[in-house]
Amino acid sequence: MVVRERLAGEKLAVELCGIALETPLIPASGTLSKEALGEVGSVYGAILPKTTTPRARAGNPPPRIAETPAGMVNSIGLQNPGVEKFLEGLDAFDLGVPIFVSVAGDTVDEFVALCGRLAGDPRIAAVELNLSCPNVEHGGLTFCAGPASAREVIEACRDALSSKPLFAKLTNEGVVANAIAAEEAGADALTVINTIPALTIDASAQTILVRGGLSGPAIKPVALRAVYDVSRAVNIPVIASGGVSTGTDVAEFMLAGATAVQVGTASFVREPEEILSEFSEYLDRMGTTASELTGAL
Amino acid sequence: MKFHGVKIEDREWIGGYTLIRYRWDGAIEPGQFAMARVAGYPVTFDPFLARPFSFYDHDGETASLLFEVRGRGTALLDDAPDRIEVSSPLGRGFRINGANGPVALLGGGIGVAPLKVLSRRLDALSVPHDVFLGFADARYAAVAGEFPGAKVATVDGSAGVQGTVLDAAPDLTRYTAVYACGPNPMLAAVKRAAGEDAFCQLSVEERMGCGNGSCNGCVVPVRDGGYVRSCIEGPVFDAEALAW
Ligand SMILES: Cc1cc2nc3c(=O)[nH]c(=O)nc-3n(C[C@H](O)[C@H](O)[C@H](O)COP(=O)(O)OP(=O)(O)OC[C@H]3O[C@@H](n4cnc5c(N)ncnc54)[C@H](O)[C@@H]3O)c2cc1C
Ligand SMILES: Cc1cc2nc3c(=O)[nH]c(=O)nc-3n(C[C@H](O)[C@H](O)[C@H](O)COP(=O)(O)O)c2cc1C
Ligand code: FES
């Protein structure tokens, strides 16, 4: 709690869909385990665990990750214990800040059933629909990667969630069209972007190493462009995801239009606390606050 | 993940391997590992991820890593000036069972790394143990000098017996416990040689992203179905729990 006491207050606080966040940082889904929660203290304004699905998923066989310059390619395959086990263990994610839950289904009905299951749980402040994981195969992207199916899923989930805020997480491909469709369908905020489809090859073994999604600083300029373009196309908050590794990155995403910023892959190589401190120093240097920064550019 | 900048106290080249010793006064369990990398500002972008290494030795004031230069990350560590960055000890190490021994320790190539701390722990508990080490050739086998009494095999026969580590080891079934580290095919062979009922523990080697359980990248298949993370549930597993 030391960090929060030191850095707290007006300066870092933001509001996202009526939810007060003490800092604009959120862990990106799938990049913060229960075991690592102890390390993050109170750096995050909200907690967002790995995507959960209706039934347990074993995930893909290894190798699942390959390092690339300034990033990595992963093909985890949404390994998770299924929504019921997930909810049994959810209290472990209670750090005294709002909890957002990421869900994914293979069909519209599965998305709706998941949202119905979460709608009445008072521990959950908002739900993020993972409409964009490139590692679950349905001929490439998930079935809901295009505007028409994204619209159908979001409309149905909006009803199922009753009053809980719904975030739609969008992939980079076709992001502006999907963002407009998602807003029309009733999304309360958009998370932009997920990993970018990528491939690594082991030349000496002449085999494919990992076919999955690229993340890390390598994708930051792509994500920044997506956040900037989407922020100008919709009137709902945008949550940035993609390549954030420094406090300056956080500032850049907020200037581009983000209300909150997710930290994913960088948390494997840095302490998120350092990123928050750098961001806080940036705000001091510029004589501004986090909420003033959003879309200031 | 938190990394600590540490000062390299000394560096030695033992045969084909590099040993780096740095200041570390925390506790270390045999079989635990650290994520290590060269320092950058604020991190290096290429290589981007830290690399996992078993603890080779520690004396309460310093800890050491023993590694083979394979690619970019290890080459940079080999050349690192006087500081590197390391995580705290990670993972679940070897479980020492209560039996009095004798116990067998098997290392394949750089799989020798965690056996030194384990051997020290067994000495402290007065558990008699035999060490068997397999290498590609005599150059790598030079590290066996750090394990007095170890029996050695080399693939090309240039040191010890010719063959794999199992050719240096007699009947493994006569040991009350078998501990092994090396490439996964070697571990599978040790598991078979130790027999169904053996108390056999294997330290596996998987690619790691985070080292703290967050990425689900380092998994191994388990007998009960599905995958578990080698950085949290491992890297040391009961042989019988693994699906290979
Ligand atoms: C628990 C554990 C303990 C280990 N202990 C030791 C040790 O004590 N000494 C030692 O020399 N090596 C050890 N290794 C293997 C060591 O991590 C790799 O040799 C090292 O990561 C290679 O990095 P590189 O940059 O030189 O190779 P590159 O080929 O450039 O690495 C590219 C990527 O592949 C990964 N990778 C490559 N080879 C391996 C491998 N064999 N195992 C896991 N990941 C790999 C790297 O981490 C990196 O992400 C251990 C591995 C694990 C999982
Ligand atoms: C190992 C790993 C696992 C991930 N798992 C999920 C997941 O389960 N659900 C999801 O929506 N995104 C998942 N992602 C994507 C991240 O949440 C994030 O959107 C992406 O990695 C880009 O941000 P980054 O560059 O900060 O990591 C995963 C990313 C990584 C690297
Ligand atoms: S290395 Fe990330 S979960 Fe094990």
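What counts and how
- Residues numbered from 1 in each chain as written.
- Chains lettered and ligands numbered in written order.
- Predicted model: local features only at pLDDT ≥ 70, side-chain atom pairs only at ≥ 80, totals over all residues.
- Heavy atoms only, no water.
- Helix = DSSP H or I, 4+ residues; strand = E, 2+ residues; numbered from the N terminus.
- Buried < 20%, exposed > 50% of the residue type's maximum accessible area, 1.4 Å probe, protein only.
- Contact = heavy atoms within 4.5 Å.
- Areas by Shrake-Rupley, 256 points an atom, 1.4 Å probe, with all protein chains shown as cover.
- Near = heavy atom within 4 Å.
- Polar contact = N/O pair within 3.5 Å; in protein donor to acceptor, adjacent residues only side chain to side chain.
- Nonpolar A, V, L, I, M, F, W, Y, C, P; charged D, E, K, R; others polar.
- Domains from an automatic or database assignment.

**Student:** Which parts of the structure should I look at to understand the overall build of chain B?
**Tutor:** In terms of helices and strands, chain B carries five helices and 15 strands. When the backbone C-alpha atoms are referred to their principal axes, chain B occupies close to 50 × 40 × 35 Å. Residues counted as buried form 56% of the 244 residues belonging to chain B. Of all intrachain contacts in chain B linking residues separated by at least 6 positions in sequence, the fraction that spans at least 24 positions is 60%. In the structure as shown, chain B presents an accessible area of about 9900 Å², 49% of it carried by carbon and sulfur atoms.

**Student:** In this structure, what is going on with the site of ligand 1? I would like to understand it.
**Tutor:** For ligand 1, the set of nearby residues contains 20 residues, the closest of which are Arg-70, Gly-73, Thr-74, Glu-205 and Arg-207 of chain B. At the site occupied by ligand 1, the surrounding residues belong to chains A and B. For ligand 1, an oxygen atom lies 2.3 Å from a polar atom in the side chain of Thr-74 of chain B. Out of a free accessible area of 840 Å², ligand 1 has 86% covered by protein chains. Elements with a contribution of two residues or more to the shell around ligand 1: strand E4 (51-58), strand E5 (62-67) and helix H1 (72-79) of chain B. Element by element, the count of residues in the shell around ligand 1 is highest for E4 of chain B, at four residues. For the shell around ligand 1, the class distribution of residues is eight nonpolar, four polar and eight charged. The residues that make up the shell around ligand 1 include at least three from each of domain 1 (3-87) and domain 2 (103-205) of chain B.

**Student:** Is there a simple way to think about the environment of Ser-291 of chain A in this case?
**Tutor:** Residue and element names in this part refer to chain A. Among the secondary structure elements, Ser-291 is positioned in helix H10 (residues 290-293). Sequence-wise, Ser-291 and Leu-48 are 243 residues apart; in three dimensions their C-alpha atoms are separated by 21 Å. Residues within four places of Ser-291 in sequence aside, it is in contact with Ala-13 and Val-14.

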